[in-house]
Every structure is written in structure tokens, then in C-alpha cells.
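Tertiary structure, described
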Amino acid sequence: MTQKNIWYEGIAFPFVGFNPELMRKAYEEFVVNEEDVLTVTFPKSGTNWLIEILCLIRSKGDATQIQSVPIWVRSPWVETVSGYEDLKTMESPRLVSTHLPIHIFPKSIHTTKAKVIYLMRNPRDVLVSGYYFWNYVKFVENTKSLQEYFELFLDGNVVFGSWFDHVHGWLSLRDQKNFLLLSYEELKQDTRSTIEKICHFLGEKLEPEEINLVLKNSSFQAMKENKMSNYSLLSEVDLIHEGHGSFMRKGISGDWKNHFTVTQAEKFDKVFKEKMADLPQELFPW
Ligand code: PPS
């Protein structure tokens, strides 16, 4: 029998590594410290790329840590069972990651001055990336076709819920000084300037050659070859379908154009316009 996703507060989650009671406990009890730096994304928006960059900014480009500690230990996901445990004992200043929509993220977010980086990506590329990734891993219900996944995505019935709600929720913080909004597209188009922007936001001063190292060690190729960042360790615990893809898939903007039919592209545009009409469109750089 195939396993079903788990559900919490009307949202689907992977059936391995998540526990509704723990997420409820985290919502009530997890304290976001002022020194924490939060990476917040809807899945498949470039989360791990940003985490790699944050780790490298802290090490001034030195790759020792990123090549010896798994990425999910360096910046644990607060909503996972193991991430929540790791965060309890992690020394400050912590890197914390989450894919949770804001309304179920630990409520201490509303009273903290911790730095929050929200990384957004063209949802069409998020959809395509998610379709491949969730069929590659063994801990989420599979979907038979891109068309099936397309409809689930528009209805907010993929894991972690609706992209549209996720963006709406977290962008409600966008005028706060401790909130930085980034896009995968700008990171891709001008990685150096975006890294400098992140350094400025964090109050970190790196020399040009240190930024060069951050760039080099967080490149798509470097991450693809780094087993602490490319999720190949999941094969050791039998959580991926070998030979059915990879976490570091393409790493480009606009791959949706190679996948959507004309009908799907038109439908997506229509839904996007309807659901995102209330936000300034210049927030979306794709
Ligand atoms: S997850 O599973 O939600 O945490 O995935 P996430 O890290 O958010 O997103 C995975 C996509 O990001 C791409 N990626 C990169 N692109 C460019 N440069 C670098 N260094 C990089 N690292 C990860 C990764 O390839 C996934 O996108 P797709 O489109 O599937 O290739």
C-alpha cells in the first residue's frame, strides 16, 4: 500500500520526518532568538542555495564546514522532527530554515527582531522543480503526470500548501527592517550583487576575494558535487528513487517554458493575476 502525505492545519506534509503534534508544539513554544537568521521559502525556491551562501558568508568563503556538515544540520528546518531537536541544542547565532506558511510558523516570529530572508521564485519554475523532486524522493505521495501536479499546485494541495498563500502571508512582513525579500531570479542573474545585498542586510563585511570564494563554493556545479549539500546522503537511508533525477536538477530560470502547454501557461497566468492582484506587481521580477 502506498503511504499518504500527512495533514496538519489543512496542509499536506511529507509522511517521513514530520509530526503534527511537534509542529503544534513548535508553534506554541519555539523561541526565535534575536541573533537567529531565518531562511524562509516555499519549497523549490532555491532554499539550499541561500543556506549555502549564508554558511559561506559566515565562514568568509571557507568551504570546510559546508563540505563536512550536512546542510540540514547547518540550518535545521524547524518543522521537521530532527530539525526541531537540533535547534534546541544549537549554539547562537543560529541559521534556521522553514518552508512553513507564516500562520503556522512558531508565533514568536511576531515579536522577534531576528533577521528573516524570504526567497521567492517564479511559481511556474517552483511547480516544475517540485513535480520532479517530489517524484524523485520516497517521502511524498507521487503524482502521475505534470498535468495532475499542475492542478494540485494551483489548488494549494501540494506539500506545504498554496504558493499563493505562502507568499501573501510572509510578504505581510515586507516593510519590517528585519525582513529581506529576495528572488531566485535576481540571485541567478547577478549573484555577486545579491550576495553583497545579503551581507549588507546581515551587517557582514567581506573582502572582494572572500565574496569570490562564496560565489565559487555556492555555484550550481560546486553544490552538485558537494555531498553535504546535494542530498545524495538520502540514498543511504533509502529515501530517493535512484536513477530518477537529482536534487541539483537544472538550476535555471524559465524551465517552465520547456514544460507547460499553451493551455497550462494561460491558465497559470489567469490564476496568478486573480490571486496576486492585491500585491504590487513589481515585487515579482520574473
Ligand atoms: S527544497 O527541497 O525545497 O529545499 O529545494 P530548494 O533548495 O528550495 O530548491 C531546489 C532548486 O534550487 C536549485 N538550486 C540552485 N540553482 C542555482 N544555483 C545553485 N547553486 C542552486 N542550488 C540549488 C535546484 O537545482 C532546484 O531547482 P531545479 O529547477 O529543480 O533545478
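Residues numbered from 1 in each chain as written. Predicted model: local features only at pLDDT ≥ 70, side-chain atom pairs only at ≥ 80, totals over all residues. Heavy atoms only, no water.

Spelled out, the test is: UniProt positions are given in the numbering used here, feature names are shortened, and annotations may be inferred rather than shown by experiment.
As annotated in an unreviewed UniProt entry, the protein carries the name Sulfotransferase and comes from Oryctolagus cuniculus. The UniProt entry for the protein carries this comment under Sequence similarities (unreviewed entry): "Belongs to the sulfotransferase 1 family." Its UniProt record gives the protein a comment under Subcellular location (unreviewed entry), which states: "Cytoplasm".

Details of the layout of surface pockets
Under the convention used in this document: Lining residues are defined by having an atom within 4 Å of a point belonging to a cavity or pocket. Those points lie on a 1 Å grid over the protein atoms alone, cavities being sets where a 1.4 Å probe fits but cannot get out and pockets being open sets with protein on both sides within 12 Å along at least five of seven lines. Grid points are joined across faces, edges and corners, and a volume is the space filled by probe spheres set on the points. A helix here means a DSSP run of H or I that spans at least four residues, while a strand means a run of E at least two residues long, and both kinds are numbered starting from the N terminus. Polar here means any residue outside two lists: the nonpolar Ala, Val, Leu, Ile, Met, Phe, Trp, Tyr, Cys and Pro, and the charged Asp, Glu, Lys and Arg; Gly therefore counts as polar.
Considering only enclosed or pocket space, the largest pocket measures out at about 980 Å³ in volume. What lines the largest pocket is a set of 42 residues, among which Asn48, Trp77, Phe133, Tyr231 and Phe247 lie closest to the centre. Contributions of two or more residues to the lining of the largest pocket are made by α2 (47–58), α4 (81–89), α5 (123–136), α8 (184–189) and α11 (220–225). Tallying contributions element by element places α4 first for the lining of the largest pocket, with four residues. Residue composition of the lining of the largest pocket, grouped by class: 21 nonpolar, 14 polar and seven charged. The space that makes up the second largest pocket amounts to roughly 300 Å³. Surrounding the second largest pocket, 18 residues form its lining, Asn5, Val140, Glu141, Asn142 and Thr143 being those nearest its centre. When the residues that make up the lining of the second largest pocket are grouped by side-chain class, the tally is eight nonpolar, seven polar and three charged.

Quick word on the sheet that holds strand β4 (residues 95–98)
Stated formally: Strands are labelled as partners when DSSP assigns at least two bridges between them. The convention used is that axes are lines fitted to C-alpha atoms, helices contributing only their stretch in contact, and that angles between N-to-C directions extend from 0 to 180 degrees. Between two residues, a contact is recorded if the distance between any of their heavy atoms is within 4.5 Å.
Here four strands make up an open sheet; going across it, the order is β4-β3-β5-β6 and the pairing parallel. Only two strands of the sheet have a single neighbouring strand rather than two, namely β4 and β6 (179–183). Neighbour-to-neighbour, the strand axes of this sheet turn through a mean angle of 20°, independent of strand direction. Bridging between strand β3 (residues 37–41) and β4 involves four bridges; their strand directions are parallel. Note on β4: the bridge partner recorded for leucine 38 is valine 96. The sheet contacts of α2 involve β3, β4, β5 (115–120) and β6, and relative to β3 the element is tilted by about 165°. Packed on one face of the sheet, helix α7 (residues 163–171) meets β3, β4, β5 and β6 and runs near 150° to β5.

Comments concerning the site of the ligand
This is how it is decided: Working definition: residue near molecule or strand if any one of its non-hydrogen atoms lies within 4 Å of it. Within 3.5 Å is the distance limit for a polar contact, defined as a pair of N or O atoms, with the added protein rule that one can donate a hydrogen and the other accept it, and that residues adjacent in sequence qualify only through two side-chain atoms. Surface accessibility in these figures is a Shrake-Rupley result with a 1.4 Å probe; residues are shielded only by whichever protein chains are displayed. In this scheme, a molecule is assigned to a cavity or pocket if more than half of its atoms are within 2 Å of the grid points.
Lining the immediate environment of the ligand, one finds 21 residues, of which Thr47, Ser129, Tyr184, Lys250 and Gly251 sit closest. A distance of 3.4 Å is found between a nitrogen atom of the ligand and a backbone nitrogen or oxygen belonging to phenylalanine 220. Surface burial for the ligand is 97%, taken as the share of its 650 Å² of free accessible area covered by protein chains. Taken atom by atom, the bulk of the ligand overlaps the largest pocket. Mapped by element, the contributors of at least two residues to the shell around the ligand are α2, α5 and α11.

As for the packing of α5 against helix α12 (residues 262–276)
Angle between the axes and distance between the axes: these two values describe a pair of packed helices. Test applied: What sets the label is the angle itself: under 35 degrees gives roughly parallel, over 145 gives roughly antiparallel, 65 to 115 gives roughly perpendicular, and the rest give oblique.
Contact geometry for α5 and α12: axes closest at 11 Å, N-to-C directions at 125°. Classified by the angle between their axes, α5 and α12 sit oblique to one another. From α5, Pro123, Arg124 and Leu127 reach across to α12, where they touch Phe268, Asp269 and Phe272. Residues of the contact of α5 with α12, tallied by class, amount to four nonpolar, no polar and two charged.

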